[in-house]
Amino acid sequence: MSVTPGEECGLYVSTTASSFRVSAFRVGWYGGTQARLVWSSKPVRGRAQPEPRFLPDTRTVRADWPRTLTFGTAGWPEGAYLLRLEADSGHQRYIPLIVRSAQGTGRTVLIHAPATWQAYNRWGGYSLYAGASGAYATRSLAVSFDRPYDADGAEKFMVYERAAVVLAERLGIPLAYTTGMDMHRDPEVLRGATAVVCLGHDEYWTPEQRRHVTQARDAGTNVVFLGANTCFRRVRIEQGRTQPDRTVVCYKSSVGADPFYTTKPALVTTDFRQAPAPDPESSLTGVLYEGYPTDAPYVVHAADHWLYEGTGVRPGDGFAHLVGVEYDRVTPAAPVPEPLEITAHSPLVCGGRRSHSDSAYYTAAGGAGVFATGTMRWVEALMAGTPDGGRDHGMDARTRAFVTRTTENALRAFAQGPAAHHRPAARPNTSELYKTRT
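On a predicted model such as this, the values are computed, not experimentally measured, just so you know.

About the criteria used
- Residues numbered from 1 in each chain as written.
- Predicted model: local features only at pLDDT ≥ 70, side-chain atom pairs only at ≥ 80, totals over all residues.
- Heavy atoms only, no water.
- Helix = DSSP H or I, 4+ residues; strand = E, 2+ residues; numbered from the N terminus.
- Buried < 20%, exposed > 50% of the residue type's maximum accessible area, 1.4 Å probe, protein only.
- Polar contact = N/O pair within 3.5 Å; in protein donor to acceptor, adjacent residues only side chain to side chain.
- Contact = heavy atoms within 4.5 Å.
- Pairing = 2+ DSSP bridges.
- Axes fitted to C-alpha atoms, helices over the stretch in contact; angles between N-to-C directions.
- 1 Å grid on protein atoms, 1.4 Å probe; cavity = no way out; pocket = protein on both sides within 12 Å on 5 of 7 lines; lining within 4 Å.
- Points joined across faces, edges and corners; volume = space filled by probe spheres on them.
- Nonpolar A, V, L, I, M, F, W, Y, C, P; charged D, E, K, R; others polar.

S.K.: Where do I start with the side chain of Arg 26 in this structure?
M.R.: Mapping Arg 26 onto the fold places it in strand β3 (residues 19-27). According to the relative accessible area criterion, Arg 26 is buried, its value standing at 7%. Within polar-contact distance, the side chain of Arg 26 engages the side chain of Tyr 30 at 3.1 Å. When residues no more than four places from it in sequence are discounted, the contact partners of Arg 26 are Gln 34, Ala 35, Arg 36, Val 38, Pro 77, Glu 78, Gly 79, Ala 80, Tyr 81, Glu 169 and Tyr 177.

Here is the structure:
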């Protein structure tokens, strides 16, 4: 998942090709090229590895393969990398790798989300969502990092993270890089950080990760949530075959079968808001995940908010398809930090039910500003209408310009230190917007 600069890294590869090469690209602005080659291997002999192992108790697929090659990362700058594996036949696969920062003092910390990448990974036929039959009932209860990612190997990173990394690097603000898994183990990178950025799809958190981010917020570190459905699932990280922290455990609706159910309820792996130890994510994010799927315009409410400075928006302006496919909203019945201001209030329909998606901004007692976009398409919109857009869902260049400027405003302001010290305070408006709604 990650290494420190200079640390050795091992690859476990299975291929029918006679040989392959590995190239490491660091993602960034680089004058618009958006990546730079930092290392290439010599040809490596190909080998088809044994079939993966299946652990029936948790329906976990694990590829207990011997290591194919080891390489060093000396001289690699901290950052987000893509390793490209290219067979002599021309076939390619990718592996995301974070070269993580040990210190974040004075920097904006980008948090990558490998636990969420792994939760959706169906390599070997199983994910936390479905089993080999495609049924939810046969899903894994624990998934292993000791297996490749499915499809091209980097889908979640490319869709929900890469464009935000490119934008942040283009701004030239001091950056640090880590993952939720690393933050779970050690919060040192958050100490003295000006801001923390959670990227486009960061659903699976451990209680330790949540506690560390909350403590950073309370100490004055600003927080940006560039997606929706963030910090929704509570997970545990457990041992792999030979190394720690290689397994993501999440029983979800089978929570009663979790071995910790009666002994350690605060570590039971279900939604954070669910029993036996409910702790809704809104106490950190300001918004609460509500539904899937939806597709709706993003509707600006507080057009004069500093986050929207320079966008030219007016109250009621909409941006088609920007709300989706999952969304969050401010939910008055849930714990919500105050003062909190809803900056966008977007009507939608999900599952036949009318509701809203909200972008929200609040300030914490220690001065930190916290902004949540309330939509999972925010990072995708940074690529809308470009060749990289891919699944831009019909979003256009106007939407890209609005999202880009708003994100720039947030990152630049938050890089200056606790936002409450240099930006206008939130203007509470939840009761006004939800006085007749639940």
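S.K.: What am I meant to see in the sheet that holds strand β16 (residues 222-225) here?
M.R.: Two pairing modes exist for strands in a sheet, parallel and antiparallel, and in both the strands are linked by backbone hydrogen bonds. Spatially, the 7 strands line up as an open sheet ordered β13-β11-β14-β16-β24-β23-β22, and their pairing is mixed. Lying at the two open borders of the sheet, with one neighbouring strand each, are β13 (175-179) and β22 (340-350). Here the average twist between neighbouring strands, direction ignored, is 15°. Sheet topology places β22 next to strand β23 (residues 353-363); 10 bridges connect them, and they run antiparallel. The residue bridging Leu 340 from the neighbouring strand is Tyr 362, located in β23.

S.K.: When you look at the layout of surface pockets in this model, what are you seeing that I'm missing?
M.R.: To find leftover empty space, one rolls a probe the size of a water molecule over the atoms. Quantified by volume, the largest pocket comes out at close to 1400 Å³. What lines the largest pocket is a set of 48 residues, and nearest its centre among them are Gly 10, Leu 11, Tyr 12, Phe 145 and Arg 246. Those elements that place two or more of their residues in the lining of the largest pocket are β1 (2-3), β2 (9-11), β9 (79-87), β10 (92-99) and α4 (180-185). When residues in the lining of the largest pocket are grouped by element, the largest group, 6 residues, is from β10. Taken together, the residues of the lining of the largest pocket break down into 21 nonpolar, 13 polar and 14 charged. In this structure, the second largest pocket encloses a volume near 310 Å³.

S.K.: Help me out: how do you make sense of the pairing of β10 in this one?
M.R.: Looking down a regular strand, the side chains alternate between one sheet face and the other. Relative to β10, β1 runs parallel, the two being bridged by 2 bridges. Of the residues in β10, the one forming a bridge with Val 3 is Val 99. Bridge analysis of β9 against β10 gives 8 bridges, and the strand direction is antiparallel. Bridge pairing in β10 places Leu 82 opposite Pro 96. With antiparallel pairing between neighbouring strands as the criterion, β9 and β10 make up a hairpin whose turn holds 4 residues, including Gly 90 at a positive phi of roughly 100°.

S.K.: Is there a simple way to think about the environment of Thr 178 in this case?
M.R.: With respect to the element layout, Thr 178 can be found in strand β13. Relative accessible area serves as the criterion here: at 2%, Thr 178 is assigned to the buried category. Residues Thr 178 and Val 3, 175 residues apart in the sequence, show an inter-C-alpha distance of 9.5 Å. Excluding its chain neighbours within four sequence positions, the residues that come into contact with Thr 178 are Ile 98, Arg 100, Val 109, Leu 110, Ile 111, His 112, Met 183 and Val 189.

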